[in-house]
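Residue-level structure breakdown
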Amino acid sequence: MNISNHNQALLAQHTRRLDFLKSEVNLPAGILQKLKDFQIAIPSWALGTGGTRFGRFSGGGEPRNLEEKIADVGLLHALNQSSGAISLHIPWDIPTDPAAIRTLAAQHGLAFDAVNSNTFQDQADQANSYKFGSLQHVSAATRKQAIDHNMEVIKQGVSLGSKALTVWLSDGSCFPGQLNFRHAYERTVDSLREIYAALPADWSLYLEYKAYEPNFYSTTVGDWGASYSMVNKLGPQAKTLVDLGHHLPNANIEQIVSILLMEGKLGGFHFNDSKYGDDDLTAGSIKPYQLFLIFSELVDGMDAKGMNHAKDLGWMIDASHNVKDPLEDLLQSVEAIQIAYAQALLVDRVALEAAREANDVVRCQEILQAVFRTDVRALVAQARLELGGALDPIALFRQEKMREQLIKSRGAKTVATGL
Ligand code: PSV
Ligand code: MN
């Protein structure tokens, strides 16, 4: 891939755009370094075309194994220099030779982000079914099986150098009366306690919540309140994970984030976008203003606590849908996240606070929207350029016919593991 030729061809236009931005906006010191440091983990399950329950339309050249998934993320990282980590889902991805997998990832400049357990599907060789839940299950044997699985995932993660376990439970109920909510909650906490006890000292446990699906009446970890109360019971290494698609319609996610951060219990993020529910659409494709407002709260809350933006929260994408080339889609998601982050860094917090204290509602909106309407793409591209990435990753992906090459080497009918 010839990144420098590509950049050379676009350099004059890029410089013009960046100069214009600099003439319009005062760039705070260190903003480029912050953008350069900010890495967003790619989920291994987003590298193939996502399906719905109605069908799956593979675009071809999908990774057939973990090695090929790592190669795909390596390709993304080479293009944008901001996707330097991969998040694995066990057992969709099993590192049979962890040392070799680590070496391969390191060759691509990749680290291993949070490992994800899966007790929402039954595996062929498993003794007890998760049809009626896993960590909440009425049967102690089923709960134990799910706990053991999580412990096994921690072990796999340790062998790869991961530092966090993400637990998402589909546990809940489909009909009123089916479940004793209190028992389900208590059993889940007890099971989580056992998993938490198996965490290495430098690990975190992220407890992800979701309002509904696949259960349609109740979900045991259904909202941030349930997750927050559980992680508080577990201990300091347990934190809440916010997946943008997991809220009831119109939830004020930026406020949720702000409160969790203030309480020291925000652990990580799954970025995506949606119109209706857990649609798994490209980050920033439907509600870019919401994404910016979320980042504005994140930057404000992290700065208030002196946190390191790049390292102190887990940043991951969790999106995978039916119609786009997955790699192009991920490039779009990463860029949308970086744009929102860059804009959040540009907010004049002193002026905003002063306007708030004066109850100047109009001014508050002006301050935020002036930033949101500023085109910061040249700034994000400059960060990529300085890191050795491509000025226009998607254009280069297409120019170099990368999907065609993947189809040629892997075949047109490959299907990656995942949903
Ligand atoms: C569930 O909808 C979820 O957001 C969880 O993070 C899962 O691990 C992931 O999607 C993949 O199915
Ligand atoms: Mn998720």
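Note that this is a predicted model, so its numbers are computed, not measured. (Residues numbered from 1 in each chain as written. Chains lettered and ligands numbered in written order. Predicted model: local features only at pLDDT ≥ 70, side-chain atom pairs only at ≥ 80, totals over all residues.)

For the rest of this paragraph, the subject is the UniProt feature "domain: Xylose isomerase-like TIM barrel" (unreviewed entry) in the protein chain. Per the UniProt record, "domain: Xylose isomerase-like TIM barrel" (unreviewed entry) is annotated on residues 97–279. Its end C-alpha atoms 34 Å apart, residues 97–279 is made of 38% helix and 16% strand. (UniProt positions renumbered as here; feature names shortened; annotations may be inferred. Helix = DSSP H or I, 4+ residues; strand = E, 2+ residues; numbered from the N terminus.)

What the three strands build is an open sheet, ordered E1-E2-E3; its pairing is parallel. Edge strands, defined here as strands with exactly one partner in the open sheet, are strand E1 (42–43) and strand E3 (111–112). Sheet analysis places E1 next to strand E2 (residues 85–87), joined by two bridges and oriented parallel. Of the residues in E2, the one forming a bridge with Pro-43 is Ser-87. (Pairing = 2+ DSSP bridges.)

Below, the discussion takes up the environment of Pro-236. Mapped onto the secondary structure, Pro-236 falls in the loop between helix H7 (224–234) and strand E9 (238–243). For Pro-236, a count of 10 C-beta atoms within 10 Å corresponds to the exposed category. As a C-alpha pair, Pro-236 and Ser-204 span 32 residues in sequence and 8.5 Å in three-dimensional space. (Buried ≥ 20, exposed ≤ 12 C-beta atoms within 10 Å, placed from the backbone.)

Turning to the pairing of strand E5 (residues 164–168), a few remarks are in order. The buried fraction of E5 is high, at five of five residues. Neither face of E5 is exposed, since Ala-164, Thr-166 and Trp-168 on one face and Leu-165 and Val-167 on the opposite face are all buried. Alignment of strand E4 (residues 115–116) against E5, held across two bridges, turns out to be parallel. Paired with Val-115 across the two strands is Leu-165, which belongs to E5. The parallel pair E4 and E5 is bridged by helix H5 (residues 140–160), and the resulting crossover is right-handed. Note that E5 and strand E7 (residues 204–208) share five bridges and pair parallel. In the sheet register, Ala-164 faces E7, and the bridge partner there is Ser-204. (Right-handed = clockwise from strand over helix to strand, strands pointing away.)

The terminal C-alpha atoms of helix H12 (residues 361–372) lie 17 Å apart, and with twelve residues this matches the ideal 16 Å at 1.5 Å per residue to within 8%. Turning to H12, its buried residues are Ile-367, Leu-368, Val-371 and Phe-372. Buried residues in H12, looked at end-on, bunch into an arc of 130°, giving them a common side. Exposed side chains of H12 directed beyond 90 degrees from the buried face belong to Val-362, Gln-365 and Gln-369. In the core, the buried residues of H12 are packed alongside helix H9 (288–304), helix H10 (326–346) and helix H11 (349–357). (Expected span 1.5 Å × (residues − 1). Arc of directions from axis to C-beta. Contact = placed C-beta atoms within 7 Å.)

Its 17 residues give H9 an end-to-end C-alpha distance of 24 Å, which sits within 8% of 24 Å, the value for a rise of 1.5 Å per residue. Of all the positions in H9, only Leu-291, Phe-292, Leu-293, Ile-294, Phe-295, Ser-296, Glu-297, Leu-298 and Val-299 are classed as buried. Residues of H9 that are buried sit in contact with helix H8 (253–262), H10 and H12. Looking at the residues trailing H9, positive phi occurs at Gly-306, about 65°.

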